[in-house]
Amino acid sequence: MAQHRLTGSFTPLTSNLSNFKGECDSLEQTPKASGPEGVRLILPRALLFLYTLRNKRDFGHVGGEVTANKVDVLAATRIADWCVCELVRVYQSIPIEDAEALCDSIAQRQFPFIWNILGRKRVLDTSLSYREQTLLLLYSEVNEGVPIEDLFAWTEYSKMSNFRRDILGKLHEAREIEWDKETEMAVLSPKGIKIVEAEVLPKMSVL
């Protein structure tokens, strides 16, 4: 897409790019008038870094230098997300509100152990306690508050009054979440984030 937008021609998806770095370099060398800087300069460099990760960190085939770890995977995912969002941002031919919503949805954290289905979220690892599930669900929306009625529905806790007392109340007292009782919203705290990353995620099993 970058080739097409900047040069007017492109390599078909059915053809290999024999010199990926050379193709990226050629995009950087296109005239300023051919397109915005984000697509001419930043995008090719991001793609080259992503391509290097793919080849050297065992993403696409065995035999890389080391086995890919969580940091590599997260870096690759976020770079790919950025590239797609940049193309949407620059070349969107839909209403700006729809473009913004699309970019926001791409930028959301994606977790293989949380299933988004019919407007709900489900933690797939049923071995987690309700406390851990609640923390994990809030972690998946770390930049935003989550209505407690959603948390209650997503965890399928037996009774709302008990959920408020035994789960939300205790998490709030421990400063692992902030529970605003006026708005009935919950937000994961920095302490809660550390607990999820140090205690919950390492023992996760998707199935």
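Quick caveat: nothing in here was measured; it's all calculated off a predicted structure.

## What about a negative patch on the surface?
Turning to step 1, where the next piece is worked out: A cluster of acidic residues, Glu97, Asp98, Glu100, Asp104 and Glu144, forms a negative patch on the protein surface.
Turning to step 2, where the next piece is worked out: Exposure remark for glutamate 100: the relative accessible area of 46% places this residue in the partly exposed category.

## A few points about the pattern of salt bridges
Pairs can form between side chains of opposite charge whenever their charged atoms are close.
Turning to step 1, where the next piece is worked out: The final tally for this structure, using the stated rule, is 10 salt bridges.
Turning to step 2, where the next piece is worked out: The residue glutamate 132 makes a salt bridge to lysine 203 at a minimum N-O spacing of 2.5 Å. You can see glutamate 132 sitting in helix 6 (residues 130-139) and its partner lysine 203 sitting in the segment after helix 9 (190-200), a full 71 residues away along the chain.
Turning to step 3, where the next piece is worked out: The partner of arginine 164 in a salt bridge is glutamate 184, with the nearest N and O atoms 2.5 Å apart. Of this pair, arginine 164 sits in helix 8 (residues 160-173) while glutamate 184 sits in the loop between strand 4 (177-180) and strand 5 (185-188), and the two are 20 residues apart along the sequence.
Turning to step 4, where the next piece is worked out: A residue is classified by how much of its surface remains accessible, and arginine 164, at 27% relative accessible area, is partly exposed.

## Topic: the packing of helix 6 against helix 8
Turning to step 1, where the next piece is worked out: Contact geometry for helix 6 and helix 8: axes closest at 10 Å, N-to-C directions at 60°. It follows that helix 6 is oblique to helix 8 by the angle criterion. Helix 8 is crossed by helix 6, and the crossing has right-handed handedness. Residues Tyr130, Arg131, Thr134 and Leu135 of helix 6 form the contact with helix 8, whose participating residues are Phe163, Ile167, Leu168 and Leu171.
Turning to step 2, where the next piece is worked out: For the contact of helix 6 with helix 8, the per-class residue count stands at 6 nonpolar, 1 polar and 1 charged.

Calculation notes
Residues numbered from 1 in each chain as written. Predicted model: local features only at pLDDT ≥ 70, side-chain atom pairs only at ≥ 80, totals over all residues. Heavy atoms only, no water. Patch = residues over 30% accessible without salt bridge, like charges linked within 9 Å, V, L, I, M, F, W, Y side chains within 5 Å. Areas by Shrake-Rupley, 256 points an atom, 1.4 Å probe, with all protein chains shown as cover. Salt bridge = Lys/Arg side-chain N within 4 Å of Asp/Glu carboxyl O. Lys, Arg positive; Asp, Glu negative; His and termini not counted. Charge placed at Lys NZ, Arg CZ, Asp CG, Glu CD. Buried < 20%, exposed > 50% of the residue type's maximum accessible area, 1.4 Å probe, protein only. Helix = DSSP H or I, 4+ residues; strand = E, 2+ residues; numbered from the N terminus. Axes fitted to C-alpha atoms, helices over the stretch in contact; angles between N-to-C directions. Parallel < 35°, antiparallel > 145°, perpendicular 65-115°, else oblique. Left-handed = near helix turned anticlockwise from the far one by under 90°. Contact = heavy atoms within 4.5 Å. Nonpolar A, V, L, I, M, F, W, Y, C, P; charged D, E, K, R; others polar.

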